[in-house]
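Chains, contacts and geometry: an overview
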Amino acid sequence: MAHATHDAKPASQPTRVERAFKDAFIAALVMLGLSVPILALRTEQNMSNEVILIPRPWLVVICCLIVFVGRLLLGLFVFNRAPGAKPLVETPTAVKTAWAKFAPYAAQVGLGAIIAYPLVALYLGGPQGAIKWIDNFGIQILIYIMLGWGLNIVVGLAGLLDLGYVAFYAVGAYSYALIATKVIPATYPDLGVWAFWICLPISGILAAMWGVILGFPVLRLRGDYLAIVTLAFGEIIRLVLINWVDFSGGYAGLSSIPRPSFFGIPFNASETGFAARFGLEFSPIYRTVFLYYVILVLALVTAFVTIRLRRLPVGRAWEALREDEIACRSLGINTVSTKLTAFSTGALFGGFAGAFFAARQGFISPESFVFLESAQILAIVVLGGMGSLFGVVVASIALVGGIEILRELDFLKAIFGASFDPTQYRMLIFGLAMVLMMLWKPRGLISHREPTVFLKERKSISSSLVQEGHG
Amino acid sequence: MSTPLLKVDHLTMRFGGLTAVGDLSFEAQAGQITALIGPNGAGKTTVFNCITGFYKPTEGMITLTQPDGKKLLLERLPGHDINWKGRVARTFQNIRLFGGMTLLENLLVAQHNVLMNASGLSILGIFGAPSYKRAEKEAIELAEYWLEKTGLIARADDAAADLPYGDQRRLEIARAMCTKPLLLCLDEPAAGLNPRESLLLNDLLISICRDHNTSILLIEHDMSVVMQISDHVVVLDYGRKIADGPPEAVKNDPKVIAAYLGVEDDEVEKTEAEIAAIAAQAKGDAR
Ligand SMILES: Nc1ncnc2c1ncn2[C@@H]1O[C@H](COP(=O)(O)OP(=O)(O)OP(=O)(O)O)[C@@H](O)[C@H]1O
Ligand SMILES: [Mg+2]
């Protein structure tokens, strides 16, 4: 309807406005047809248990009007635009110039804000109020930033579409949980307080090993096939965790996982606990703040390594692989091992994040490692702009923080009823965000690529020139 | 004559029932430009793909003799080792650059293996070891040299996809040369170039051959290029060799004339005139 074919006789063609009205009218008719059986009558039981029908004509009228106006606006402003026309939503120039001024300092300002965040939250919210803001917002967002940065190596740099990234997150989490609850108490119980610090590298390495084991057969595939197989792998790991009850506790998961210590000093109310040692009153806030800085450091390590690797031959080879795999091979690059390094480096950071997640929660179950997690992490990478570290930060704050904010908005409950749970609309919101982004910035928030070296002048490269990779 | 740099013996490549290359044997001497010519679909690119490891030949042997006398059987090497160990580089008929990367980056990717070893498989590199910094500096110098030589230095920091067509072709050659090859295989490097660019290309190729100890295997449709710069010409038709020799001899070979140069110049003009007339008539009919 909307994409009317161009006739050979332009004179008799209806104008755009006419077409839009006609189109909107038809859409409204369709809505009428749909809404009469669905919305027009409401069934209820009266006192004597009889079904009565309550007619709701106004609802039908309102729905049809909404569809009519919406479709009309779409028809006028979105569809049937001349080819090569300006993008529908243009960034205003004022925003652009302000951004240009701010951009060089964005990283420093952002980093400063992130470091100061828990202190500001403490100052504003007090020890009780701050926990929620540091834990639900700060730590949660930082976990996703770290996962986004890890996946960014695989998807953004190497161009390998990995839909099962959460598998490595799970491997990291279960590695930590199993070693800390089963292996360490059985072998070196004295090391219990150090469990997190010992297991963190082990979890990462185990996840990276899984990356290699999985990557070896899988990375021969390209594009859609790679995506499907990684998706399947993610599910397989989860199903194994559910069904191998002796090993992983099945649906019940693993609990009483040791929490991280302050480099050997546990966060508890005992004599030797953190608060007592430093002469403070015991409060759970110390651990939360400490966890925040732990994940912050882990995330920064991820960023640092990514930035460094990008400027090394291996990072350039990843990007070259994304651009043209055949040319890479003709230049003597071993494409299989290069892909494997990308895959396992991504997995390594996923494993670190997983270990942290297990330590922070104290309890894990397969529920935490469903496909939706992979999708969410991928959404963060794509929305942020493939390959851009800064974009991932912005996208994580917007998506993860946005959902948490929704939870806080109590007036939504007043509108939609007390049982309204905004987090259930997470996917709807993701979808909307994606659609809007694709209209506004099809290549993600940060849609240019920074070269890794330069002779005279660093010029950023428009994403329209950069390939997305075919796996 | 000394042992040839590249020796192709009884090379056959079949795709299902189609024999793209049949029992082809030829040699490319060190220090020479060898041209591989033939009509469209004759199997030239397929020969390149066999030599550079993109296809595994159905039959035959491809021997490369290193300067130290060591012989490598290219068809047995994995694809990427042909460039790294065998030191054979190539360009592609449909240009394959890393479009979203700068020219300089393109040339650094070409030096991947050297840099990778210098960076201690990235581990030294991550910590910014001086040995890696030195290697990177040398790599950038080599890249600069080739950018200078191909006249692209002014655009070193631009995206490769932003270059005009002729420049992209030269960048691809520069990129291949950054791997310091013994044998450079060029698939139609003059295609789509204007006459001036084509002349510059001739000079570049001659210089590569003379000054850099790199022999060239060249596929080309443009006969003026072939006749001017090649030392030796191999002619393919339907996957089989029909002539092999110095350019003048090949030019006058009746078999070659029949298969490939068969149409004389004035005949081409005649045919073109006919086509133009038919097209004009067709337009007239449409009105
Ligand atoms: N991968 C393939 N699978 C099947 N057939 C192929 C394949 N590659 C090439 N061929 C066929 O082999 C024959 C030779 O092709 P080739 O590309 O080598 O010709 P060419 O001499 O390079 O031609 P041109 O001058 O047009 O580049 C053609 O008939 C082609 O269709
Ligand atoms: Mg060809």
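Residues numbered from 1 in each chain as written. Chains lettered and ligands numbered in written order. Predicted model: local features only at pLDDT ≥ 70, side-chain atom pairs only at ≥ 80, totals over all residues. Heavy atoms only, no water.

Once that is clear, we can look at the overall build of chain B. Of the regular secondary structure elements, chain B holds twelve helices and ten strands. Looking at the 287 residues of chain B, the share that counts as buried comes to 55%. Nonlocal contacts in chain B, meaning residues at least 24 apart in sequence, comprise 66% of its contacts between residues at least 6 apart. Of the accessible surface of chain B, which amounts to about 13,100 Å², a share of 54% is contributed by carbon and sulfur atoms. (Helix = DSSP H or I, 4+ residues; strand = E, 2+ residues; numbered from the N terminus. Buried < 20%, exposed > 50% of the residue type's maximum accessible area, 1.4 Å probe, protein only. Contact = heavy atoms within 4.5 Å. Areas by Shrake-Rupley, 256 points an atom, 1.4 Å probe, with all protein chains shown as cover.)

Moving on, we come to the overall build of chain A. Summing up its helical and strand segments, chain A has 16 helices and four strands in all. With respect to the three principal axes, the spread of C-alpha positions in chain A is 85 × 75 × 45 Å. Looking at chain A residue by residue over its 471 residues, the buried ones come to 44%. A separation threshold of at least 6 residues defines the contact pool for chain A, and within that pool the share at least 24 residues apart is 70%. Accessible surface computed for chain A: about 23,800 Å², of which carbon and sulfur atoms make up 69%. Separation between the mean location of the 36 positive side-chain charges and that of the 27 negative ones in chain A comes to 9 Å. (Lys, Arg positive; Asp, Glu negative; His and termini not counted. Charge placed at Lys NZ, Arg CZ, Asp CG, Glu CD.)

Attention shifts here to the sheet that holds strand S4 (residues 59–65) of chain B. All names here are of chain B. One open sheet holds the four strands; their spatial order is S2-S1-S4-S5, and the pairing between them is antiparallel. The two strands at the open ends of the sheet, each matched to only one other strand, are strand S2 (18–28) and strand S5 (71–73). Strand after strand, the sheet turns through a mean of 20 degrees between neighbouring axes, direction not considered. Pairing analysis gives three bridges linking S4 to S5, with the strands arranged antiparallel. Pairing of Thr 63 across the sheet is with Leu 73, part of S5. Against the sheet, helix H1 (residues 44–51) makes contact with strand S1 (6–15), S2 and S4, and its axis sits at roughly 115 degrees relative to S1, the strand it touches most. (Pairing = 2+ DSSP bridges. Axes fitted to C-alpha atoms, helices over the stretch in contact; angles between N-to-C directions.)

Let us look at the pattern of salt bridges. In total, this model carries 17 salt bridges over all chains according to the counting rule given. In this structure, the salt-bridge partner of A:Glu325 is A:Lys339, at a minimum N-O distance of 3.5 Å. With A:Glu325 in helix H11 (residues 325–330) and A:Lys339 in helix H12 (residues 335–361), this pair connects stretches of sequence that are 14 residues apart. Of the two residues examined, A:Glu325 and A:Lys339, each falls in the buried class. In this structure, B:Lys85 engages B:Asp81 in a salt bridge whose closest nitrogen and oxygen atoms are separated by 3.1 Å. Residue B:Asp81 is classed as buried on the basis of its relative accessible area of 11%. Bridged by salt links that share partners, the residues A:Arg310, A:Glu319, A:Arg322 and A:Glu323 form one connected network. (Salt bridge = Lys/Arg side-chain N within 4 Å of Asp/Glu carboxyl O.)

The grouping of A:Phe25, A:Ile26, A:Leu29, A:Val30, A:Leu32, A:Leu34, A:Val36 and A:Ile38 at the surface amounts to a nonpolar patch, some 720 Å² of accessible area in total. For A:Val36, a relative accessible area of 43% translates into the label partly exposed. (Patch = residues over 30% accessible without salt bridge, like charges linked within 9 Å, V, L, I, M, F, W, Y side chains within 5 Å.)

Attention shifts here to the interface of chain B and chain A. Tallying the contact residues gives 43 residues for chain B and 34 residues for chain A. Sorting the residues of chain B by area buried against chain A places B:His80, B:Ile126 and B:Asp157 first, and these three jointly supply 19% of that buried surface. Here chain B and chain A share two salt bridges between them. Note that A:Arg316 is salt-bridged to B:Glu136, the shortest N-O span being 2.9 Å. Scanning the region where chain B abuts chain A turns up nine residue pairs in polar contact (both at pLDDT 80 or more). Listed by contribution, the elements that provide at least two residues to the side of chain B that touches chain A are helix H2 (79–84), helix H3 (103–109), helix H4 (112–118), helix H5 (123–126) and helix H6 (130–149) of chain B. A per-class count over the side of chain B that touches chain A returns 20 nonpolar, 14 polar and nine charged. (Buried area = accessible area lost by both parts, 1.4 Å probe. Polar contact = N/O pair within 3.5 Å; in protein donor to acceptor, adjacent residues only side chain to side chain. Nonpolar A, V, L, I, M, F, W, Y, C, P; charged D, E, K, R; others polar.)

Residues and elements named next belong to chain B. Split by domain assignment, chain B resolves into domain 1 (1–87 + 180–253) and domain 2 (99–179). Across the interface of domain 1 and domain 2, roughly 1,500 Å² is buried in total on both sides, 68% from carbon and sulfur atoms. The largest per-residue losses of area from domain 1 upon contact with domain 2 belong to Trp 84, Lys 180 and Leu 204, which jointly make up 35% of the total buried on that side. Summed over the shared surface of domain 1 and domain 2, the number is zero salt bridges. Linking domain 1 to domain 2 there are five residue pairs in polar contact (both at pLDDT 80 or more). If you tally residues by element for the side of domain 1 that touches domain 2, the top one is helix H8 (residues 195–211), at seven residues. Partitioning the side of domain 1 that touches domain 2 into residue classes produces eleven nonpolar, five polar and five charged. (Domains from an automatic or database assignment.)

We now examine the environment of A:Tyr251. Residues and elements named next belong to chain A. Relative to the assigned elements, Tyr 251 resides in the loop between helix H7 (245–248) and helix H8 (274–277). What makes Tyr 251 exposed here is its relative accessible area of 60%. Residues Tyr 251 and Ser 365 lie 114 residues apart in sequence; the distance between their C-alpha atoms is 6.2 Å. Those residues in contact with Tyr 251, other than ones at most four positions away along the chain, are Ile 242, Ser 365 and Pro 366.

Here we take up the sheet that holds strand S10 (residues 240–245) of chain B. Residues and elements named next belong to chain B. If you walk across this open sheet you meet the six strands as S6-S7-S8-S3-S9-S10, and the pairing is mixed. Of all the strands in the sheet, the pair left with one neighbour each is strand S6 (88–90) and S10. Looking at each pair of strands side by side, their axes are set apart by 15 degrees on average, direction ignored. Pairing geometry for strand S3 (residues 33–37) and strand S9 (residues 232–237), over four bridges, is parallel.

Of the protein atoms, only B:Thr45 (OG1) and B:Gln93 (OE1) coordinate the magnesium ion (ligand 2), at distances of 1.8 to 2.1 Å. Here B:Thr45, found in helix H1, pairs with B:Gln93, found in the loop between S6 and H3; they are 48 residues apart in sequence, far enough to count as distant. (Donors = N, O, S within 2.8 Å, 3.2 Å for Na, K, Ca; no water.)

Our focus in this paragraph is the site of ligand 1. Residue and element names in this part refer to chain B. Not every one of the 14 residues close to ligand 1 is listed here, only the nearest: Lys 44, Thr 45, Thr 46, Gln 93 and His 221. Here Tyr 55 contributes a side-chain N or O atom positioned 3.0 Å from a nitrogen atom of ligand 1. The contact in question runs from an oxygen atom of ligand 1 to an N or O atom on the side chain of Gln 93, over 2.7 Å. Contributions of two or more residues to the shell around ligand 1 are made by S2 and H1. The biggest single contributor to the shell around ligand 1 is H1, with three residues. For the shell around ligand 1, the residue count by class is five nonpolar, seven polar and two charged. (Near = heavy atom within 4 Å.)

This paragraph deals with the side chain of B:Glu136. With respect to the helices and strands, the residue B:Glu136 is situated in helix H6. With residues up to four places along the chain from it excluded, the contact list for B:Glu136 reads A:Arg311, A:Arg316, A:Val453 and B:Leu115.

Glancing now at the confidence of the model for chain A. The predicted model of chain A averages 81 in pLDDT, with 90% of residues at 70 or higher. Low pLDDT (under 50) marks residues 4–10 of chain A, which in the prediction has five contacts with non-local residues, meaning those over four places away or in another chain. (pLDDT = per-residue confidence, 0-100.)

Residue and element names in this part refer to chain A. For helix H4 (residues 166–187), with 22 residues, the first-to-last C-alpha span of 30 Å sits near the 32 Å given by 1.5 Å per residue. At Ile 179, H4 shows its largest bend, some 40 degrees. For H4, the tally of buried residues reaches 16 of 22 residues, placing the bulk of the element in the interior. (Expected span 1.5 Å × (residues − 1). Bend = angle between axes of the 7 residues up to and from the residue.)

This paragraph deals with the pairing of S2(B). All names here are of chain B. Where S1 meets S2, seven bridges bridge the pair, whose relative direction is antiparallel. Within S2, the position partnered with Lys 7 by the bridge is Glu 27. Taking the residues that link successive antiparallel strands as the turn, the S1-S2 hairpin has two residues, and the phi of Gly 16 there is positive, at about 60 degrees.

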